[in-house]
Amino acid sequence: MSEQPVAARPIRRRIITEEVHEGPVRAHAYVCEAASCMSAQAHDITLRLGEAAAEAGLTDVVIKRVGCLGLCAAGPLVEIPETGQLFSAVTPDGTAPIVTALAAVKSTDERQPQGPFFEKQLRVATENMGRIDPESLEDYLGRGGYDALKKVLSDMTSSEVRDEIMRSGLRGRGGAGFPTGLKWTTVAKAEGKQKYVICNADEGDPGAFMDRSVLESDPYRILEGMAIAAFAVHATEGYIYCRAEYPLAVARLRTAIRNAQRAGYLGAGIADTSFNFDVQIRLGAGAFVCGEETALIASVEGKRGTPRPRPPYPAVEGLFDCPTLINNVETFASVPTILRKGAEWYSGIGIGKSKGTKVFALAGRIVNTGLVEVPMGMSLREIIYDIGGGIIDGRPFKAVQTGGPSGGCIPAEHLDMPVSYESLIELGSFMGSGGMIVMDDTSCMVDVAKYFMDFCRDESCGKCVPCRVGTTQLWMLLDQITRGQATMADLDQLERLAGIVRRMSLCGLGQGAPNPIFSTLRYFRDEYLAHIVDKVCPAGVCTIEQPAEVMA
Amino acid sequence: MPALYTKPSPPSDDKRWKIVETRMRRMGDRPAALIEALHAAQEAFGYLDEGALHFVGDTLGVPHSRVYGVATFYSFFTLKPQGDHTCVVCTGTACYINGSKEILAGLERNLGVKPKQTTEDGKVSLLTARCLGACSLAPAVIIDGDVKGKVNVGDLVAQLEAM
């Protein structure tokens with residue numbers, strides 16, 4: 001626990017978009033105001049674009065801030081939805097072409113395809129991203145928001161809701177893929193007067209930013225999903241446990257909670273029924289292990305975030321020893337759409353036991369860095385090359401890392417494997433929360449394994465010995481290898497110890513920590529051997545210490 | 001007869017303590033409010049000193065040992081005062097493979113600071129973060145709350161030296 005994440009200042013600026021337009025609106029300009037574009041002055045672009053449009057005498061256009069448009073690499077982005085035109089890398093002073101394009105929009109224009117990055121996606125959890133003003137309840141309602149909750153409260157019993165989720169085949173999107181309907185049923189049947197619903201928004205995997213984008217772009221969806229879950233499991237109180245590193249997401253959630261309370265979608269008597277449910281936010285404080293559910297519960301209770309053995313599972317004995325439902329952001333985000341469109345529709349998407357869609361964050365040495373949602377079963381090649389645009393500078397692809405510090409690296413020969421929970425485990429990796437980090441020939445796989453082990457030894461909470469001591473020892477062995485100081489005996493030791501840490505650790509952090517080692521050994525053993533036997537780093541990343549010459 | 005409970009008073013009459021007290025009271029002064037209270041105190045004062053830890057613990061009925069345990073467990077909390085400016089370098093995977101290591105090395109070479117240290121003149125504190133979630137901007141840093149993406153070491157050093 002030596003690192004010190006510090007949050008960016010919360011951004012509290014007045015809402016300036018959506019000035020009330022009396023007359024007909026001919027064209028819109030959607031300005032992406034999610035964190036990535038915000039850091040490149042997207043808010044100034046919204047303001048300047050509004051001024052420029054007014055100066056040009058355009059009275060029938062609306063400049064609107066929206067959530068993440070997905071293609072973060074090209075940000076800040078502005079879209080004209082009527083024509084599908086996209087403007088990338090916009091600056092506050094460079095809004096003139098957008099104004100010209102706005103002036104040229106005709107009512108007969110049809111939306112043009114925006115290229116494979118957008119066309120090959122299927123949006124469920126992210127269906128409103130980039131389409132609505134994240135803080136506007138009216139916008140959310142206008143896109144069918146809260147229809148699902150109203151339908152649930154007026155036409156369905158809680159067991160019907162649970163059945164619907166069960167039949168949809170939805171599985172936990174936080175990584176392990178536990179069937180959501182089954183979890184809901186367990187909580188509903190657990191004994192206890194007070195029950196809780198918790199949204200796990202402690203997205204700690206480095207290189208993953210799906211949850212952040214969903215929270216920043218469509219916060220009401222999470223509140224609706226949680227309310228439906230609360231109805232299904234008979235809970236009345238909810239918590240969103242969000243990282244403190246996401247100030248914009250927290251600010252938007254707070255606004256959304258306030259607005260939903262005022263409009264009667266949270267609090268007592270929701271949507272004029274007898275159903276009560278309220279939500280509070282709890283801030284994380286920079287501990288990766290708090291993504292583990294029992295550690296997260298300890299943290300919500302104001303304690304050190306250390307996990308405890310399961311059973312009892314949180315579904316039976318969770319927050320303040322009451323039955324507690326914990327789901328990830330993306331899981332809750334999928335719920336309203338499933339109930340609106342039906343379980344059959346959802347289970348018709350996907351492959352095998354992995355139904356529906358999954359959101360991935362593409363990052364690393366890839367052209368189209370950003371956020372994508374695709375049907376389960378799409379191949380890695382389609383995701384990385386067709387949607388992701390391939391590798392930067394046309395360099396050779398080496399591996400894609402999925403699943404964060406508990407995941408693994410998948411090499412080129414498996415690029416055609418359809419992505420699902422099962423296939424990734426078969427390949428020695430892990431779905432995880434959905435980060436995909438693409439690496440080219442400039443990355444050394446031993447160094448990558450060492451990087452993740454450094455992460456795990458630092459984030460180990462210290463409660464159990466295999467993880468606390470094991471991850472440090474594994475890191476030291478990897479360090480020796482990358483310095484060219486290791487022998488083949490060290491490699492045996494590394495494999496043996498990695499197995500012990502995997503089998504003996506208390507929680508998922510320790511159990512998953514050796515995965516990067518196993519997967520790189522499986523596919524890139526030659527790189528380990530090059531460091532150990534030939535004393536060279538093939539990628540030229542590691543600094544090999546040459547042994548001092550022995551004086552004769 | 002046991003002494004009647006009196007509400008502990010803040011370590012000083014600094015008005016910022018009111019914010020901390022209010023945050024705790026809203027959560028019923030219960031032990032579960034500990035982390036929220038520490039957030040409030042750090043937001044108000046920039047760091048947590050021993051006086052703050054004692055006051056929060058006494059108000060919420062949490063032993064000082066546990067308050068200290070929580071404050072040091074979470075890397076977000078700092079027990080040391082920070083420099084005038086902070087520079088947080090993201091060390092997430094995307095930033096790592098796009099050169100955050102070189103940024104840290106460059107800052108150490110030019111400003112003489114390692115992560116968690118403050119420059120000798122007290123101007124800049126250097127910190128690292130696990131992942132800012134700004135992977136599309138890799139390598140990313142936060143300077144005084146503003147995210148800067150696709151950072152170049154030379155420009156960053158120049159900017160920090162000018163502060």
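Thresholds applied
- Residues numbered from 1 in each chain as written.
- Chains lettered and ligands numbered in written order.
- Predicted model: local features only at pLDDT ≥ 70, side-chain atom pairs only at ≥ 80, totals over all residues.
- Heavy atoms only, no water.
- Helix = DSSP H or I, 4+ residues; strand = E, 2+ residues; numbered from the N terminus.
- Buried < 20%, exposed > 50% of the residue type's maximum accessible area, 1.4 Å probe, protein only.
- Contact = heavy atoms within 4.5 Å.
- Pairing = 2+ DSSP bridges.
- Axes fitted to C-alpha atoms, helices over the stretch in contact; angles between N-to-C directions.
- Disulfide = S-S within 2.5 Å.
- 1 Å grid on protein atoms, 1.4 Å probe; cavity = no way out; pocket = protein on both sides within 12 Å on 5 of 7 lines; lining within 4 Å.
- Points joined across faces, edges and corners; volume = space filled by probe spheres on them.
- Nonpolar A, V, L, I, M, F, W, Y, C, P; charged D, E, K, R; others polar.
- Polar contact = N/O pair within 3.5 Å; in protein donor to acceptor, adjacent residues only side chain to side chain.
- Buried area = accessible area lost by both parts, 1.4 Å probe.
- Salt bridge = Lys/Arg side-chain N within 4 Å of Asp/Glu carboxyl O.
- pLDDT = per-residue confidence, 0-100.
- Parallel < 35°, antiparallel > 145°, perpendicular 65-115°, else oblique.
- Left-handed = near helix turned anticlockwise from the far one by under 90°.

**Some thoughts on the overall build of chain B**
Regarding its fold elements, chain B presents seven helices and five strands. Helices and strands in chain B line up, N terminus first, as α-α-α-α-β-α-α-β-β-β-β-α. Across its three principal axes, chain B shows a C-alpha extent of roughly 70 × 30 × 25 Å. Here chain B holds 163 residues, and the buried ones make up 52% of them. When contacts within chain B are restricted to residue pairs at least 6 apart in sequence, those whose partners lie at least 24 apart make up 61%.

**Observations regarding the sheet that holds strand β2 (residues 61-66) of chain A**
Residues and elements named next belong to chain A. The strand order β2-β1-β3-β4 describes an open sheet built from four strands, whose pairing is mixed. The sheet terminates laterally at β2 and β4 (85-87), the two strands that pair on one side only. This sheet shows a mean twist of 20° between the axes of neighbouring strands, independent of strand direction. Here strand β1 (residues 27-32) runs beside β2; their pairing, made up of six bridges, is parallel. Residue pairing for β2: Cys32 is matched across the bridge by Val66.

**A few points about the state of the cysteines**
Residues and elements named next belong to chain A. Inspection of every chain in the model, using the stated rule, returns zero disulfides over all chains. Considering cysteine sulfurs only, Cys507 is the nearest to Cys461, which forms no disulfide, with 6.4 Å between them. For Cys461, a relative accessible area of 16% corresponds to the buried category.

**As for unusual backbone geometry**
The step from Gly75(A) to Pro76(A) runs through a cis peptide bond, and the omega angle for that step is -10°. As for its position among the elements, Pro76(A) is in the loop between β2 and β3 (78-80). The phi torsion at Asp393(A) lies on the positive side, around 60°, for a residue other than glycine. Following the sequence through the fold, Asp393(A) ends up in the loop between α15 (380-387) and β13 (397-402). Phi is positive for Asp29(B), which is not a glycine, with a value near 50°. Mapped onto the secondary structure, Asp29(B) falls in the loop between α1 (16-26) and α2 (34-45).

**Description of empty space enclosed by the protein**
All names here are of chain A. Scanning all chains against the criterion turns up four cavities of 30 Å³ or more. One number sums up the size of the largest cavity: a volume of about 110 Å³. Arg243, Glu245, Gly286, Ala287 and Phe288 are, among the 15 residues lining the largest cavity, the residues nearest its centre. Of the pockets and cavities examined, the second largest cavity occupies roughly 80 Å³. Class assignment of the residues belonging to the lining of the second largest cavity gives a composition of eight nonpolar, two polar and two charged.

**Regarding the pairing of strand β15 (residues 435-440) of chain A**
Residue and element names in this part refer to chain A. Burial within β15 is extensive, with six of its six residues counted as buried. Side chains Gly435, Ile437 and Met439 project from β15 onto one buried face, and the interleaved Met436, Val438 and Asp440 project onto a second face that is buried too. Where strand β11 (residues 357-364) meets β15, four bridges bridge the pair, whose relative direction is parallel. Across the sheet, the residue bridging to Gly364 is Val438, located in β15.

**Some points on the side chain of Thr294(A)**
Residues and elements named next belong to chain A. Structurally, the position occupied by Thr294 is in helix α12 (residues 293-300). Taking the relative accessible area as the measure of exposure, Thr294 reaches 4% and is therefore buried. Within polar-contact distance, the side chain of Thr294 engages the side chain of Glu292 at 2.6 Å. Excluding its chain neighbours within four sequence positions, the residues that come into contact with Thr294 are Thr306, Pro307, Arg308, Arg310 and Pro314.

**Digging into the sheet that holds strand β8 (residues 324-328) of chain A**
Residues and elements named next belong to chain A. Strand order in this open sheet of four strands is β7-β6-β5-β8, and the pairing throughout is parallel. Single-partner strands in this sheet number two, and they are β7 (278-283) and β8. Averaged over all pairs of adjacent strands, the angle between their axes in this sheet comes to 20°, without regard to strand direction. As paired strands, strand β5 (residues 196-201) and strand β6 (residues 237-242) are joined by six bridges and run parallel to one another. Bridge pairing links Ile198 to Tyr239 in β6.

**A look at the interface of chain B and chain A**
When the parts of a complex come together, some accessible area is lost, and that lost area is often taken as the interface size. The partner chain A presents 58 residues to the 44 residues of chain B that form the contact. Both faces combined, the contact of chain B with chain A buries some 4,300 Å², and carbon together with sulfur accounts for 54% of it. Its largest share of buried area at the contact with chain A, chain B owes to Phe73(B), Phe76(B) and Arg130(B), together 19% of the area lost on that side. If you look at where chain B meets chain A, you find three salt bridges. Arg130(B) is the partner of Glu459(A) in a salt bridge, and the nearest nitrogen-oxygen pair spans 3.6 Å. On the surface where chain B and chain A come into contact, there are 19 residue pairs in polar contact (both at pLDDT 80 or more). Looking at the side of chain B that touches chain A, the elements that each hand over two or more residues are α2, α4 (64-73), α5 (93-97), β3 (124-129) and β5 (146-148) of chain B. Take the side of chain B that touches chain A: its biggest share by element is five residues, from α4(B).

**With respect to the confidence of the model for chain B**
Predicted confidence across chain B gives a mean pLDDT of 91, with 98% of residues reaching 70 or more. Across the assembled chains, the prediction reports ipTM 0.91 with pTM 0.93.

**A closer look at the packing of helix α7 (residues 158-168) of chain A against helix α10 (residues 219-233) of chain A**
All names here are of chain A. In contact at an axis separation of 7 Å, α7 and α10 are set at 120° when each is read in the N-to-C sense. Classed by the angle they form, the pair α7 and α10 counts as oblique. For the crossing formed where α7 meets α10, the hand is left-handed. Between α7, through Ser158, Val161 and Arg162, and α10, the contact on the second element is made entirely by Ile228, Phe231 and Ala232. Looking at the contact of α7 with α10 residue by residue, the class counts come to four nonpolar, one polar and one charged.

**Observations regarding the packing of helix α3 (residues 50-60) of chain B against α4(B)**
The relative placement of two packed helices is expressed as an angle between their axes plus a distance between the axes. Residue and element names in this part refer to chain B. Where α3 contacts α4, the axes come no closer than 9 Å and their chain directions differ by 120°. Compared by their axis directions, α3 and α4 come out oblique. The two elements α3 and α4 cross, and the hand of that crossing is right-handed. Only His64, Val67, Tyr68 and Ala71 of α4 make contact with α3, whose side of the interface consists of Leu53, His54, Gly57 and Asp58. In terms of residue class, the contact of α3 with α4 is built from four nonpolar, three polar and one charged.

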